[in-house]
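# Tertiary structure, described
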Amino acid sequence: MNIVVTVKQVPDTQEVKIDPKTGTLIREGVPSIINPEDKNAIEAALRIKEDNDDVVVTVLSMGPPQAEIALREALAMGADRAILMSDRAFAGADTLATSYMLSRAIKKIKKFDLIICGRQAIDGDTAQVGPQLAEGLNLPQATYVEEIAIRQDVVTVKSRFDSVMRTIEMKMPALITVSSRVNRPRFKTMNGVLKAFRDKDVVTWTKDDLKLNPMRIGINGSPTWVRKTFVPSHSRAGLMIEKQPSESAADILDFMLEKSLLRF
Amino acid sequence: MTLCYQMDDKFEMIRLAVREFAESEIKPVAGELEENEEFSVSLTQQMGDIGLFGMTVPEAYGGQGLDYISYIIAVEEIARIDGSQAATLAAGNSLGIGPIDAFGLEAQKRKYLPDLCRGRTLIGFGLTEPNAGSDAGATSTTATRDGDSWIINGRKTLTTNADTPMTKGSIVQALTGTRPNGKVEYTCFIVENDTPGFTRNTLKRKLMWRGSNTAELFLNNCRVPDNAVLGNPGDGFKQMLATLDGGRLSIGAMGLGCAQGAYEAALRYSKERVQFGKPISRQQAISFKLADMALKIELARNLLYKACWLAENKRPYGKESAMAKLYCSEIAREVADEAVQVHGGYGLFKDYDVERFYRDQRLLQIGEGTSEVLRIVISRAIGC
């Protein structure tokens, strides 16, 4: 069985700040990480690998050359192969162009039974790439997946839809997007890190390695234009309580009761 | 060979992997374990699960097959969060696994290393005695030959990891005779815990590292087979010196990690704490302290990594190892002390990690060569 996991390298938004003048992210000095739900996707693939024989897990990413380190991290977690799609011509892609380019790379990979994507990236928050990729490859899809079971060529998932949990069976090949509830990603082991650098490779594919329609890649293939970005202002200031925890808790409780936010 | 300060991505990934583990698994429980003087089997096993034991041991023996710098970075990152778990780890690797990997016979490596490297067992290293500390030559534990076995008698103390539920045994150094040239001869033995006459007692009420295990060992007519001799009879002193040279690097890493943790806590707090209308980090009396801390840490890290590089490249590193341990442990004291000062009165309470760092650093100027002994080592190395 062959599993492809799509991975995006993102700035660690816990550490990111926004330039109040331009409204853009200040990326300087901000560490790059694997998008958290993509880590869940890698973990999901690795668990399938552990429970079944002959599973090969390939991680696929599109990004600048420095995104290689995110793929190395996926290899350190236990993925078998890694492919980085990197080319200046890919820059400026929106979700449509991205999913198109990913679909071409997956066609080149040829052998795949299951594609697992993280639900959404913490930088763009669109949750579009997974579903668009399934459409591009004409595959059945299930999104917001929280449980996965594989039996022969059928994948059965539990997919959350607001407060409803749906059980969906799909014949593979199929695509799923997972949320952070699906699992807790493993810690990398020391020997896993060693193997990621010593025994495994990150293969780079440029536009020349893929059959691409030039009008559908990079900025040319991206109909989405960002007109304006801004930082929402919070007009009401919060109330700061700086006391010992137990006293703070008492003050917060008083406040909530006073505002009728809580009743006994 | 060119001078290069760019570290491989591999080292950075090792650092982040250990940091992620330490922050998520150790940090939430470190204070409580420490306060209750509780050794955590589960945390130790978890450290084993991510491969923190046997980092430099070949993969064929169940080790991780990594290099010395990776190991030192791992100890540094655990110590950045908690001295107790770092102590378990550093002693486990440098004093338990290290001598067996370096000097053990093939059968001994096959027998002990796989479980040690998985973090399922621990082995102590009994060197210090009630009357033989810095003066290791005053060792009075003896082993005498009796047929094809040895009888060991004596007492060891301050042995890390020697009395935990996971401990398989301890390596014990004993006097085994006098050489023709009149010099006494030492031999190291691997004494398993179920050996009749071998008992242990955990030493409680420590100032620091209270979540790690420290024990005294009693050897009363302990009969061990010939194959309990670590490597060859008579090699004990040489083995001990080599083990301590390596062990010093890991104590250095503990000092560096402790300083880093204390410094980060102080920096964070100084940005939150407002006095005289602005954060204390913006007041020169405090910002200069933080600048000095950053400077000392930078120097310590450079010195320690250089010593590791020498060790890794099989060059003489005894002097640099002593310098690195001495300097890292002394700046750990200075940085932890100033970190408490930056915290003011709050730094005296267990609610803040710096209280623990302040106590944890104190061992580092004593264990595995006191600062004074290290100055002897260095002064001899420079030809005094």
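Within chain B, the regular secondary structure consists of 10 helices and 9 strands. Expected size for 384 residues packed as a compact globule is a radius of gyration near 21 Å; at 21 Å, chain B falls within 12% of this value. Principal-axis analysis of the C-alpha atoms places the extent of chain B at approximately 80 × 45 × 40 Å. In chain B, once contacts between residues fewer than 6 apart in sequence are set aside, the share between residues at least 24 apart is 74%. Carbon and sulfur atoms make up 52% of the accessible area of chain B, which totals about 16400 Å². Computed over 44 positive and 48 negative side-chain charges, the inter-centroid distance for chain B is 4 Å.

Bringing the domain arrangement of chain B into the picture now. Many analyses report the size of an interface as the accessible area lost when the parts associate. All names here are of chain B. The domain architecture assigned to chain B consists of domain 1 (9-122), domain 2 (124-237) and domain 3 (238-381). Contacts between the two partners involve 16 residues from domain 2, matched on the other side by 15 residues from domain 3. Taking both sides of the interface into account, the surface hidden between domain 2 and domain 3 amounts to around 1300 Å²; carbon and sulfur atoms contribute 66%. Of the charged contacts, one joins Asp235 and Lys238 as a salt bridge, the two residues approaching to 3.9 Å between their closest N and O atoms.

All names here are of chain B. Tallied over the full model, the rule gives 49 salt bridges over all chains. One salt bridge in this structure joins Arg15 and Glu77, with 2.8 Å as the shortest N-O distance. In this pair, Arg15 sits in helix 1 (residues 9-35) while Glu77 sits in helix 3 (residues 68-81), placing the two residues 62 residues apart along the sequence. For Asp353, the salt bridge goes to Lys27, with nearest N and O atoms at 3.2 Å. Of the two residues, Asp353 sits in helix 9 (residues 353-364) while Lys27 sits in helix 1, which places them 326 residues apart along the sequence. For Asp353, a relative accessible area of 28% gives the class partly exposed. In this structure Lys27 comes out as partly exposed when scored by relative accessible area, which is 38%.

With that out of the way, let us pick up the nonpolar core. Judged by nonpolar contacts, the single largest core of 135 residues is most densely connected at A:Val5, A:Ile116, B:Leu52, B:Ile78, B:Met254 and B:Leu304. Broken down by element, this core gets its largest block of residues, 14 residues, from helix 6 (residues 236-272) of chain B. Excluding residues that lie within four positions of it along the chain, B:Met254 makes contacts with B:Val75, B:Ala79, B:Gly83, B:Ala86, B:Ala87, B:Ala90, B:Trp209 and B:Leu364. Residues A:Tyr100, A:Ile106, A:Leu137 and A:Ile217 belong to the second largest nonpolar core, which totals 25 residues.

Residue and element names in this part refer to chain B. Contact geometry for helix 6 and helix 9: axes closest at 10 Å, N-to-C directions at 160°. In this view, helix 6 runs roughly antiparallel relative to helix 9, as classed from their interaxial angle. Regarding helix 6 and helix 9, the two cross each other, and that crossing is left-handed. Contact with helix 6, carried on its side by Ile251, Met254, Gly255, Cys258, Gly261, Ala262 and Ala265, involves Val354, Phe357, Gln361 and Leu364 of helix 9 and no other residues of that element. Residues of the contact of helix 6 with helix 9, tallied by class, amount to 8 nonpolar, 3 polar and no charged.

Another aspect to go through is the interface of chain A and chain B. Each side of the interface is counted separately: chain A has 17 residues, and chain B has 20 residues. Of the roughly 1600 Å² buried at the junction of chain A and chain B (both faces included), carbon and sulfur atoms supply 66%. Scanning the region where chain A abuts chain B turns up 4 salt bridges. Among the salt bridges present, the one from B:Glu20 reaches A:Lys188, with a minimum N-O distance of 3.4 Å. For the pair chain A and chain B, the interface holds 8 residue pairs in polar contact (both at pLDDT 80 or more).

Residue and element names in this part refer to chain A. For helix 4 (residues 129-137), every residue scored as buried is listed here: Gly130, Leu133, Ala134 and Leu137. The arc enclosing the buried residues of helix 4, seen along the axis, measures out at 100°, which places them on a common side. On the buried face of helix 4, the contacting elements are strand 1 (2-7), helix 3 (95-109), strand 8 (114-118), strand 9 (141-151) and strand 12 (174-178). Asn138 occupies a position one or two residues after helix 4 and carries a positive phi of about 60°.

A surface patch of nonpolar side chains, about 520 Å² in accessible area, is lined by A:Leu239, A:Leu253, A:Phe255, A:Leu257, A:Leu261 and A:Leu262. Mapped onto the secondary structure, A:Phe255 falls in helix 6 (residues 245-258).

Residue and element names in this part refer to chain B. Sheet analysis places strand 3 (residues 149-160) next to strand 7 (residues 214-225), joined by 9 bridges and oriented antiparallel. Bridge pairing in strand 7 places Thr160 opposite Thr214. Bridge analysis of strand 6 (residues 198-202) against strand 7 gives 5 bridges, and the strand direction is antiparallel. Its bridge partner being in strand 7, Phe198 is matched across the sheet by Leu219.

Cut-offs and rules
Residues numbered from 1 in each chain as written. Chains lettered and ligands numbered in written order. Predicted model: local features only at pLDDT ≥ 70, side-chain atom pairs only at ≥ 80, totals over all residues. Heavy atoms only, no water. Helix = DSSP H or I, 4+ residues; strand = E, 2+ residues; numbered from the N terminus. Rg over C-alpha atoms; globule rule 2.2 N^0.38 Å. Contact = heavy atoms within 4.5 Å. Areas by Shrake-Rupley, 256 points an atom, 1.4 Å probe, with all protein chains shown as cover. Lys, Arg positive; Asp, Glu negative; His and termini not counted. Charge placed at Lys NZ, Arg CZ, Asp CG, Glu CD. Domains from an automatic or database assignment. Buried area = accessible area lost by both parts, 1.4 Å probe. Salt bridge = Lys/Arg side-chain N within 4 Å of Asp/Glu carboxyl O. Buried < 20%, exposed > 50% of the residue type's maximum accessible area, 1.4 Å probe, protein only. Core = buried A, V, L, I, M, F, W, Y, C linked by side-chain atoms within 4.5 Å. Axes fitted to C-alpha atoms, helices over the stretch in contact; angles between N-to-C directions. Parallel < 35°, antiparallel > 145°, perpendicular 65-115°, else oblique. Left-handed = near helix turned anticlockwise from the far one by under 90°. Nonpolar A, V, L, I, M, F, W, Y, C, P; charged D, E, K, R; others polar. Polar contact = N/O pair within 3.5 Å; in protein donor to acceptor, adjacent residues only side chain to side chain. Arc of directions from axis to C-beta. Patch = residues over 30% accessible without salt bridge, like charges linked within 9 Å, V, L, I, M, F, W, Y side chains within 5 Å. Pairing = 2+ DSSP bridges.

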